[in-house]
Structures are given as structure tokens and as C-alpha cells.
Amino acid sequence: MAVKEKVSEAAKAVKSTAKKAVKATTKVAKSAASKKDKVVLAYSGGLDTTVIIPWLKENYDYDVIAVCIDVGQGDDWKAIKSRSLKTGASACYVVDARQEYIEEYVWPALKSNAIYEDEYLLGTSTARPLIGKILVEYARQEKAVAICHGATGKGNDQVRFELAIKAFAPDLKVIAAWRDPKWNMDSREAEIKYLEDRELEVPMKKDQSYSRDENIWHLSHEGLELEKTENEPNYKHMLKNTVVPEEAPAAGEYVKIDFEKGIPVAVNGKKMDALKLLLELNKIGGRNGIGLVDICENRCVGMKSRGVYETPGGAILYFAHRMLEHLCLDRDTYHYKQQLSIKIAELIYDGKWFTTLFDACMAFVDKTEETVTGWVKLKLCKGAIRGAGSYSKYSLYNESIASFKTGELYDHKDAQGFITLFGLPLKVRAMMEQQVGEGQAVLKSKKLKKRPTE
């Protein structure tokens, strides 16, 4: 018995030693893994960013922290989070930034009347600074050493992401996969093969090959027939949020929007928060074919790019906001703001949201909006918008002055002295030209045509 007990005790001792060794090895392995540097990846769940997860682990030996930022794409974030973890991400965070995006990025652009190259309502451009900022926030929380994005080397988004990152975290490394010398995939097929070779899930998109960007404000389309400017867009195949205008109801519909200090707060008399308001206007505008734009724009990287944009709710809001400003802003302020709106649009488009100049411009805009309070009524019909009335207690329109009748505040005869002084520089110049016998005011000026008298 004593011998057996000794053998048993010896066996137990061996097992205990083995277990301790395994635990120690596991602990060392975990410790080694925990010492890996972390990278925060802007993760959309699409093919590019799904490929980037294993690519980062293989080429940089990073722990990959995937960050999904919901600005209204309408994606299945639960499935996307699961995909990122199965593909190799150490963690995945999903941020619902829709309300923040509208209130802190869309509304400032709207208050500015910022429109890029007369057409584009800056849907993608306004979202990128927020995404870049949130990536930095997670990088700081996770103590990451780098941030990675999947924007291509030809687009604007690489600029917008990286300027936002530089503004908040100049110390962080930025990895742009498509520009990285270690990236050797140049097509969708190559990316699919990369995942299949590693027995990883291949995210399949719907039967649509347009390059798209979607958020709560807009939906953009690029590629396919749009790459040739001679082609008409295939709207019936392309559109997702807006009906083709000619197929919209012939009767159209009215919509009334209330503003407070330049910010929309109610639709058709019903108060709503920013998210509900924009969702409602997207529905109203979408069913009436509102907000379609086909533009060949100048990218900030130097090339021209053709895109089709759907911005149904945004187009309604911009039209209504301008209408209200026509009531509430004086001539000099409105005209100066028109000039500044172009500059603000350029700053937003180029990713310069977090700059001193942008802050200074917005300080001016906020001042102009102090009295932009009231309501606007619009008629929407087959893609067109027209005004149907507006009101503000701060309106600078004065019926007694504007009327054709002579009143106490404005006498028609008062205009004579004004025109004399307003036109004095022209008259002085013309007198000089007649005196020297040169210029447009001479008796036989070549700029004056001889008209028939019969």
C-alpha cells in the first residue's frame, strides 16, 4: 500500500507540474499577445476593410480594433461586428453617431448654405471629419499606435480622414492600405481570393456594382455608365432613396418647415428631433423625386469625377433655409455670406473641418443665424421645388415700403438724389471721355449701334 500511495502521489505531482507549465505557457502567450501594438481600423464590413483585418495582422503583427461608425448607412451592424471578429479583429465597437452627425456637422453646413460647385450638398464630405475624430477617440482609449483606413489613393476620403487624424493626434501613425507598399491586391477578385485562401468569410454585396457612399444625409453613386460623361445615368437601376422625377405623383405635395436660429425643428407643424426630422423629409422628398444631382466635380486630389447624388431631405432643407434668409438677412450680410458659403464648402470638401479658418467662418455664420427663425412652405412636384409662402417675426420685408404706393417711409422722389450720387462715378468718367474724345461716351462711340428708324 505504501508503494502504491507513493506512486499515486508522484503521479499527482507530475500532473500538477504539467498543469502549472501549461498555465505558465498560456500566461506567457497571453502576456506576449497583450504586448502587441494596437491599430484602430475604420471598419465598414465591406470587402476592402474585411480584407484589411488579416492583412494588418500578417504584415504589421497588430491587434486590430475594428470601429464601425453609424452615420445612417442602414447596415446590419450586428452581422458586421460578428464578421470582423471572425476575420481576426480583437474587438469591434459600433458607434451610433447619427444624431451627432446631423446636429454637429450637417446643420452647420446647412446654416452656411455650403454647396460645392453649385450642386453638391456635401453628403460624404460632412461625415468624414466626424468619422476621423471618433477613430482618434478609440485610438486614445485603446492606447493604439496607429489608425488604418481603406480609402483609395485616388479619392477625397483619404485626405478627409487623415486631416482629421492630424488635427487631433499628430503622433499617431496612419496606415492607408491602398497606398501601402505591402498591399499587393489591385482588384475585387484579388481581394476575394485573399480571403478564400485563408478560409475567411467573403462579404457579398447586392447585385449593384456602383461605388456608393450612404448616410442619413445622402447617397452617392459612381462608376459603371457614369464613367463616360456622354451617358445618361441609368436612374431606374441606380436610385435607392428617390423615385425618378417623371414617375413621381403628378399632384405633388406641400411641406412646411419651422426653423429656430437657422436649424430645422418641425415638419408640417410637428416638432421633431434632428434624426426623426431628416428621416421624415427624406421620405417626403424621395417620393416626389427631389434632390437628384448629376455632377462632374473637381476632386481635391486634382482629377474630375462624375457622380450622381440623392439628397431628398437635404435639397428641401437648403431651399427652405435660403428662402427664410431672404426674409431675415439684410443685403450686405446676405451678399457677403454668399461669398463665404463658397469658401466654407471648399473647406468642408477638402477635409479642413478642424481648422482655425473654418471655426472663424462658422462664428460669422452663427451670428447671421440669430434671427433666422420662422417657417417656410414649399410645393414639391416631380423633382422640382418652389416656394409657397414664408414668415418670420424677424422679417425685414416691410409691406408699406415695398408697396408701389407712396408712403411716409419711402417717397418716389427720394430716389432722384440717390441715383445722382450712386451714379456720380459713371457720370464723371463719361464727362472725362467726352473731353478727351476717347471711350464709350464719345458721340460716335463704337459701342452704340445704329438702329433702324422705320
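Everything discussed here concerns the structure shown above.
Visitor: So, the overall build of the protein: which residues are in play, and what are the values?
Guide: When its secondary structure is counted, the protein shows 15 helices and 14 strands. A compact globule built from 454 residues should have a C-alpha radius of gyration of about 22 Å, whereas the protein, at 31 Å, is more than 25% larger. By principal-axis analysis of the C-alpha atoms, the protein measures approximately 135 × 55 × 45 Å. Across the protein, contacts joining residues at least 24 apart in sequence account for 73% of those joining residues at least 6 apart. Taken as two groups, the 69 positive and 64 negative side-chain charges of the protein have centres that lie 4 Å from each other.

Visitor: Report on the pairing of strand β1 (residues 38-42), specifying residues and quantitative values.
Guide: Within β1, four of the five residues are buried, leaving the element largely enclosed by the surrounding structure. One ladder, built from five bridges, connects β1 with strand β2 (residues 63-70); its direction is parallel. Counterpart to Leu-41 in the pairing with β2 is Ala-66. As for the winding sense of the linkage, the β-α-β connection from β1 through helix α2 (residues 47-60) to β2 is right-handed.

Visitor: Help me get a handle on the sheet that holds strand β9 (residues 263-267), residues and values and all.
Guide: If you walk across this open sheet you meet the five strands as β10-β9-β8-β13-β14, and the pairing is antiparallel. Each edge of the sheet is formed by a strand with only one pairing partner; in this case those strands are β10 (270-271) and β14 (384-391). Examined bridge by bridge, strand β8 (residues 253-260) and β9 share four bridges and lie antiparallel to one another. Residue Glu-260 lies in a different strand from β9, and its bridge partner there is Ile-263. Helix α9 (residues 274-287) rests against β8, β9 and β13 (374-381) of the sheet, and its axis sits at about 70 degrees to β9.

Visitor: Report on unusual backbone geometry, specifying residues and quantitative values.
Guide: A negative phi angle is the norm for most residues apart from glycine, just as the trans form is the norm for most peptide bonds. In this model, Glu-117 sits at a positive phi of 50 degrees, which is unusual for a non-glycine residue. Structurally, Glu-117 is set in the loop between α4 (98-112) and α5 (123-142). Given the relative accessible area of 29%, Glu-117 is considered partly exposed. Positive phi is not limited to glycine here, since Glu-199 has a value of about 55 degrees. Mapped onto the elements, Glu-199 comes out in the loop between α7 (188-197) and β6 (211-214). Note on Glu-199: relative accessible area 75%, which makes it exposed.

Visitor: Talk me through the sheet that holds β1; I want residue IDs and the actual numbers.
Guide: Taken in spatial order, the five strands line up as β3-β2-β1-β4-β5 in an open sheet, and their pairing is parallel. A single partner strand is all that each edge strand has here, and the edge strands are β3 (91-96) and β5 (173-176). On average, adjacent strands in this sheet sit at an angle of 25 degrees to one another, irrespective of strand direction. Helix α3 (residues 77-87) contacts β2 and β3 of the sheet and is inclined by roughly 155 degrees relative to β3. Here helix α6 (residues 157-168) sits on the sheet and contacts β4 (146-149) and β5; the angle it forms with β4, its principal contact strand, is near 165 degrees.

Visitor: So what's going on with the pairing of strand β11 (residues 292-298)? Which residues, and what values?
Guide: Where burial is concerned, the two faces of β11 differ: the one with Val-293, Ile-295 and Glu-297 is buried and the one with Leu-292, Asp-294, Cys-296 and Asn-298 is not. In terms of strand pairing, β11 meets strand β12 (residues 304-310) through seven bridges, oriented antiparallel. Note that in β12 the partner of Ile-295 across the bridge is Gly-307. Connecting β11 to the next strand, β12, in antiparallel fashion are five residues, including Gly-302 with a positive phi near 115 degrees.

Reading the values: the criteria
Residues numbered from 1 in each chain as written. Predicted model: local features only at pLDDT ≥ 70, side-chain atom pairs only at ≥ 80, totals over all residues. Heavy atoms only, no water. Helix = DSSP H or I, 4+ residues; strand = E, 2+ residues; numbered from the N terminus. Rg over C-alpha atoms; globule rule 2.2 N^0.38 Å. Contact = heavy atoms within 4.5 Å. Lys, Arg positive; Asp, Glu negative; His and termini not counted. Charge placed at Lys NZ, Arg CZ, Asp CG, Glu CD. Buried < 20%, exposed > 50% of the residue type's maximum accessible area, 1.4 Å probe, protein only. Pairing = 2+ DSSP bridges. Right-handed = clockwise from strand over helix to strand, strands pointing away. Axes fitted to C-alpha atoms, helices over the stretch in contact; angles between N-to-C directions.

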